[in-house]
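# Per-entry structural report
The lines below spell out each chain.
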Amino acid sequence: MNVPENYIPIIIQIAVAAGFVLLSILGTHFLGPRQKATSIKKNESFECGVEVEGNARNPFSVKYFLTAILFVLFDIEIVFFYPYAVNIREFGVEGFFAVLMFIAVFFIAFVYVWKRGALDWDK
């Protein structure tokens, strides 16, 4: 088999990753605790050690999801500041005013969402 020298590190990395996966699967199977499949504790729902309250099928308010979407929107805005922070000297005054306009648009949108009550999802 004639493998170019450039592929050898990739093949080694794939072999190490596959070996780790195989070792993890076999290790948990042989070293893990033994439980009967009909165990009552194993079939119970579990959430971070908190006892279950009520039915899991209760619907959430739509405002909860709206708040989550708005959080993602305003959180992703921060990603666009990274190129500016890296190239702050090259952008100069024009870049500074462009970023100020960018912040102003999002600030106006935030005030609009806040005044409309979209952030009060518990009401």
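All figures in this text were calculated on a predicted structure; none of them were measured in a lab.

Let's shift gears to the nonpolar core. Listed in full, the five residues of the largest apolar core are L70, F74, F106, V113 and A118. For this core, the secondary structure elements donating two or more residues are α3 (62-79) and α5 (88-116). Filtering out sequence-adjacent residues up to four positions away, A118 remains in contact with K63, L66, T67, L70 and V113.

Take F102: it is sitting in helix α5. As a C-alpha pair, F102 and E77 span 25 residues in sequence and 9.3 Å in three-dimensional space. With residues up to four places along the chain from it excluded, the contact list for F102 reads E77, F80 and F81.

Relative to the assigned elements, E77 resides in helix α3. Among buried charged residues, E77 stands out as having no salt bridge; its nearest opposite-charge side chain is K115, 18 Å away. Excluding residues that lie within four positions of it along the chain, E77 makes contacts with F102 and F106.

Counted according to the given criterion, the structure contains eight aromatic pairs. Ring centres of F80 and F102 lie 6.1 Å apart, and the angle between their planes is 70°; on these two criteria the pair is classed as edge-to-face. Pair noted here: F80 is in the loop between α3 and α4 (81-86) and F102 is in helix α5, with a separation of 22 residues, a long-range link. You can call F80 exposed: its relative accessible area is 54%. Centre to centre, the rings of F81 and F102 are 5.7 Å apart; their planes meet at 80°, and the pair counts as edge-to-face. One end of the pair, F81, is in helix α4; the other, F102, is in helix α5, and 21 residues separate them in sequence. Taken together through their ring pairs, the aromatic side chains of F74, F80, F81, F102, F106, F110 and W114 make up a single cluster.

Here the focus is α5. Counted at 1.5 Å a residue, the expected span for α5 with its 29 residues is 42 Å, but the 35 Å between its end C-alpha atoms falls short. At E94, α5 is bent by approximately 75°, the largest bend along its length. All of the buried residues along α5 are G95, V99, F106 and V113. Once α5 ends, the next one or two residues include G117, with phi positive near 85°.

The rules behind the values
Residues numbered from 1 in each chain as written. Predicted model: local features only at pLDDT ≥ 70, side-chain atom pairs only at ≥ 80, totals over all residues. Heavy atoms only, no water. Core = buried A, V, L, I, M, F, W, Y, C linked by side-chain atoms within 4.5 Å. Buried < 20%, exposed > 50% of the residue type's maximum accessible area, 1.4 Å probe, protein only. Helix = DSSP H or I, 4+ residues; strand = E, 2+ residues; numbered from the N terminus. Contact = heavy atoms within 4.5 Å. Lys, Arg positive; Asp, Glu negative; His and termini not counted. Salt bridge = Lys/Arg side-chain N within 4 Å of Asp/Glu carboxyl O. Phe/Tyr/Trp six-rings, centres within 6.5 Å; stacked < 30°, edge-to-face > 60°. Expected span 1.5 Å × (residues − 1). Bend = angle between axes of the 7 residues up to and from the residue.

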